[in-house]
Amino acid sequence: MSNRMWGGRFAAGPDAIMEEINASIDFDKKMYKQDIAGSKAHVRMLAKQGIVTQEDAEKIQGGLDTILSEIEEGKFQFSRALEDIHMNIEARLAELIGPAAGRLHTGRSRNDQVATDFRLWVRDAVDDIDGQLTTLLNTLSRKAETHAADIMPGFTHLQSAQPVTFGHHMMAYVEMFARDRSRIRDARARMNECPLGSAALAGTSFPLDRAMTAAELGFDRPTANSLDGVSDRDYVLEVLADASICAMHLSRLAEEIVLWCSAQFKFIELSDKFSTGSSIMPQKKNPDAAELVRAKTGRIYGALHALLVMMKGLPLTYSKDMQEDKEQAFDALPNLSLALAAMNGMIDDMVLNTKVLKKAAGSGYATATDLADWCVRVLNVPFRDAHHITGALVGMAVQKNVELHRLSLEEMQSVEPRITDDVYSVLSVDKSVRSRESYGGTSPVNVRKQARRWLKQLEKETASK
Ligand code: ARG
């Protein structure tokens, strides 16, 4: 049998392989809600414009409501022969209400229909991610406030560099995730145009009110060019690009968590809720959630790459290639949401070993820069010379296998005779972090200020919702 939705000119039905490669229903049924919302908005507009009768429009809307509950109750029979969610729903509508169902597709094509449904789906996913990023910003800022004065080693090249505060480290991620949130908000604003009414590609001769359907579906306006309306997939690409950057940030933090809770670092303790045990080594507590957050990055980048490659050679307008866009986004975006939720739980629950962190902060000559700065300030030598003096002192400490503050004044003076007792006042990690009060620096005062600024801002956002 040829397809009952488009089979007018076909004598024979498709080969089984054709059906298999062509059908998208197995995955695009995820968009049933968006498809029904789009159809309801479309038919309301058709009735208002006098393109279909009020009576038919009501029948169609009633039928669509029935279909919605059938799907939600798991009673709907999806059929591969009907290819996709659009035709599955329309065919069922015909069974339910008869010939009036055929009027729904007036002034519309599956090309603008799928473009609309998918935009709505991506927009919902973006709103979920936005909410999850907001929660994470909150959790990180609270953690930062709690640990504004707890000292840890700051690293470059994964070598102990200078002491910083744990709160400062958390606030660095607040900045990163805040940019992620602002990026997806930008993408949301740009994508919020409605392609419905572009029809197959050229627009339609029916007097549609595209502004009305756009408004009903929560879009800011209709898309301005029908060719672009059916063939644009920038919205999902942009969101996947933003998702990729966010996944990269999550992965860096996840990697730090993996390091921090290792026996070698012992900086933090992950809660039992976000770790697993080993089936053979009873002593182990593995940071699986962090590892999986790190791993999710691969499929999210993969989705972006797959879609960019899929789109790059397509002439305008719609080509069936584009059907491949959905599985990528359906996989990548919920996985990003999951990774954000898991990260939020880990951060919320983790416990710091503040003593270990502080001790580690003091090792590796982490206050060498403070010593050099002291030479500049007190001895009034140029920084390059101070760097040289400090280097010699570090060399001496390495040779004697002691920390910097364990060098005696005589030993220090053997390198630079003008050094005084006062130098010891800058060699402690507490003094070091407290002194870094320059804007954006790691001092506890700064960190507290930044964390509170964010918490207030986030509170204001929720209050105004
Ligand atoms: N299932 C199709 C997709 O996801 C819907 C659009 C089909 N349009 C067409 N002209 N065959 O892209």
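Our structure's up above, just so we're on the same page.
The sections below set out a description of the structure shown in this document. Note that the coordinates shown come from a computational prediction; the quantities given were computed from them, not determined experimentally.

1. With respect to the overall build of the protein chain
Working step 1: Looking only at helices and strands, the protein chain has 18 helices and eight strands in total.
Working step 2: Relative to its length of 465 residues, the protein chain is extended, with a C-alpha radius of gyration of 31 Å against a globular reference of 23 Å.
Working step 3: For the protein chain, the spread of C-alpha atoms along the principal axes amounts to about 100 × 50 × 40 Å.
Working step 4: Counting every position in the protein chain, which comprises 465 residues, the buried fraction comes to 49%.
Working step 5: Surface summary for the protein chain: the accessible area is close to 22300 Å², and the carbon and sulfur share equals 53%.
Working step 6: Distance from the positive charge centre (57 side chains) to the negative charge centre (63 side chains) of the protein chain: 4 Å.

2. Some words on a nonpolar patch on the surface
Working step 1: A grouping of L201, L227 and L316 is seen on the molecular surface, where their side chains present a nonpolar patch of about 270 Å² in accessible area.
Working step 2: Its location among the elements puts L201 in the loop between β3 (193-194) and α8 (210-216).
Working step 3: Residue class for L201 comes out partly exposed when judged on its relative accessible area of 38%.

3. Thoughts on the nonpolar core
Working step 1: Counting residues in each nonpolar core, the largest one holds 99 residues, and the members touching the most others are V122, F177, L250 and M343.
Working step 2: When residues in this core are grouped by element, the largest group, 14 residues, is from helix α10 (residues 234-260).
Working step 3: Sequence-distant contacts of V122, that is, excluding residues within four places in its chain, are made with M191, Y235, V236, V239 and L333.
Working step 4: Of all hydrophobic cores here, the second largest spans 20 residues; its members include C375, V394, A397 and L404.

4. Examining the environment of N88
Working step 1: Relative to the helices and strands, N88 resides in helix α5 (residues 85-97).
Working step 2: N88 gets classed as buried once you look at its relative accessible area, which sits at 2%.
Working step 3: Residues N88 and V351 lie 263 residues apart in sequence; the distance between their C-alpha atoms is 52 Å.
Working step 4: Aside from chain neighbours lying at most four places away, what touches N88 is I25, F76, Q77, F78, S79, L82 and E83.

5. A look at the environment of A263
Working step 1: Tracing the backbone through its elements, the reader meets A263 in the loop between α10 and β5 (268-269).
Working step 2: Taking the C-alpha atoms as reference, A263 lies 9.9 Å from K284; in sequence the two are 21 residues apart.

6. Quick look at the side chain of D56
Working step 1: Along the polypeptide, D56 turns up in helix α4 (residues 54-72).
Working step 2: Given a relative accessible area of 13%, D56 falls into the buried group.
Working step 3: A polar atom in the side chain of D56 sits 3.2 Å from the side chain of R103.
Working step 4: In this structure D56 touches A100 and R103, once residues within four positions along its chain are discounted.

7. Some details on the pairing of strand β2 (residues 159-165)
Working step 1: In the sheet, strand β1 (residues 151-156) pairs with β2 via six bridges, with the strands oriented antiparallel. By the bridge assignment for β2, P153 is matched with P163.
Working step 2: Connecting β1 to the next strand, β2, in antiparallel fashion are two residues, including H157 with a positive phi near 55°.

8. Some thoughts on the layout of surface pockets
In this approach the atoms are scanned with a rolling probe the size of a water molecule, which exposes any empty space left behind.
Working step 1: Empty space within the largest pocket amounts to approximately 340 Å³.
Working step 2: C261, S262, A263, Q283 and K285 are, among the 15 residues lining the largest pocket, the residues nearest its centre.
Working step 3: Elements with a contribution of two residues or more to the lining of the largest pocket: β5 and β7 (285-286).
Working step 4: Class assignment of the residues belonging to the lining of the largest pocket gives a composition of six nonpolar, five polar and four charged.

9. A word on the pattern of salt bridges
Working step 1: Within the structure shown, the criterion is met by 30 salt bridges.
Working step 2: A salt bridge links E193 to R221, with the nearest nitrogen and oxygen atoms 2.8 Å apart. Of the two residues, E193 sits in strand β3 while R221 sits in strand β4 (residues 221-222), which places them 28 residues apart along the sequence.
Working step 3: Within this structure, E83, D84, R110 and K320 form a network of salt bridges that share partners.

10. Structural notes on the environment of T139
Working step 1: With respect to the helices and strands, T139 occurs in helix α6 (residues 110-146).
Working step 2: Sequence separation of T139 and E19 is 120 residues, and the distance between their C-alpha atoms is 48 Å.

11. Considerations on the site of the ligand
Working step 1: Surveying the vicinity of the ligand reveals the residues S24, D28, D84, H86, R110, N111, V114, Y318, Q323 and K326.
Working step 2: In this structure, a nitrogen atom belonging to the ligand sits 2.9 Å away from a side-chain N or O atom of D84.
Working step 3: In this structure, a nitrogen atom belonging to the ligand sits 2.9 Å away from a side-chain N or O atom of N111.
Working step 4: For the shell around the ligand, a count of residues per class yields two nonpolar, four polar and four charged.

12. Concerning unusual backbone geometry
Working step 1: The linkage connecting L316 with the following residue, T317, adopts the cis geometry, with an omega of 5°.
Working step 2: Phi angles above zero are rare outside glycine, and A199 is one such case at about 60°.
Working step 3: Its location among the elements puts A199 in the loop between β3 and α8.
Working step 4: Judged by its relative accessible area of 6%, A199 falls in the buried class.

13. Comments concerning the packing of α4 against α5
Working step 1: At a minimum axis distance of 9 Å, the contact between α4 and α5 shows a crossing angle of 115°. Crossing hand, α4 versus α5: right-handed. Mapping the contact onto sequence places K59, I60, G63, L64, T66, I67, E70 and I71 in α4 and I89, R92, L93, L96 and I97 in α5.
Working step 2: Each residue belonging to the contact of α4 with α5 can be placed in one class, and the counts come to eight nonpolar, two polar and three charged.

14. Focus on the side chain of T390
Working step 1: With respect to the secondary-structure elements, T390 resides in helix α15 (residues 383-400).
Working step 2: For T390, the side chain forms a polar contact with the main-chain oxygen of A386, separated by 2.8 Å.
Working step 3: With sequence-adjacent residues up to four places away left out, T390 is seen in contact with A368, L371 and A372.

Rules of the game
Residues numbered from 1 in each chain as written. Predicted model: local features only at pLDDT ≥ 70, side-chain atom pairs only at ≥ 80, totals over all residues. Heavy atoms only, no water. Helix = DSSP H or I, 4+ residues; strand = E, 2+ residues; numbered from the N terminus. Rg over C-alpha atoms; globule rule 2.2 N^0.38 Å. Buried < 20%, exposed > 50% of the residue type's maximum accessible area, 1.4 Å probe, protein only. Areas by Shrake-Rupley, 256 points an atom, 1.4 Å probe, with all protein chains shown as cover. Lys, Arg positive; Asp, Glu negative; His and termini not counted. Charge placed at Lys NZ, Arg CZ, Asp CG, Glu CD. Patch = residues over 30% accessible without salt bridge, like charges linked within 9 Å, V, L, I, M, F, W, Y side chains within 5 Å. Salt bridge = Lys/Arg side-chain N within 4 Å of Asp/Glu carboxyl O. Core = buried A, V, L, I, M, F, W, Y, C linked by side-chain atoms within 4.5 Å. Contact = heavy atoms within 4.5 Å. Polar contact = N/O pair within 3.5 Å; in protein donor to acceptor, adjacent residues only side chain to side chain. Pairing = 2+ DSSP bridges. 1 Å grid on protein atoms, 1.4 Å probe; cavity = no way out; pocket = protein on both sides within 12 Å on 5 of 7 lines; lining within 4 Å. Points joined across faces, edges and corners; volume = space filled by probe spheres on them. Nonpolar A, V, L, I, M, F, W, Y, C, P; charged D, E, K, R; others polar. Near = heavy atom within 4 Å. Axes fitted to C-alpha atoms, helices over the stretch in contact; angles between N-to-C directions. Left-handed = near helix turned anticlockwise from the far one by under 90°.

Everything listed is a geometric property; what it means functionally is a separate question.
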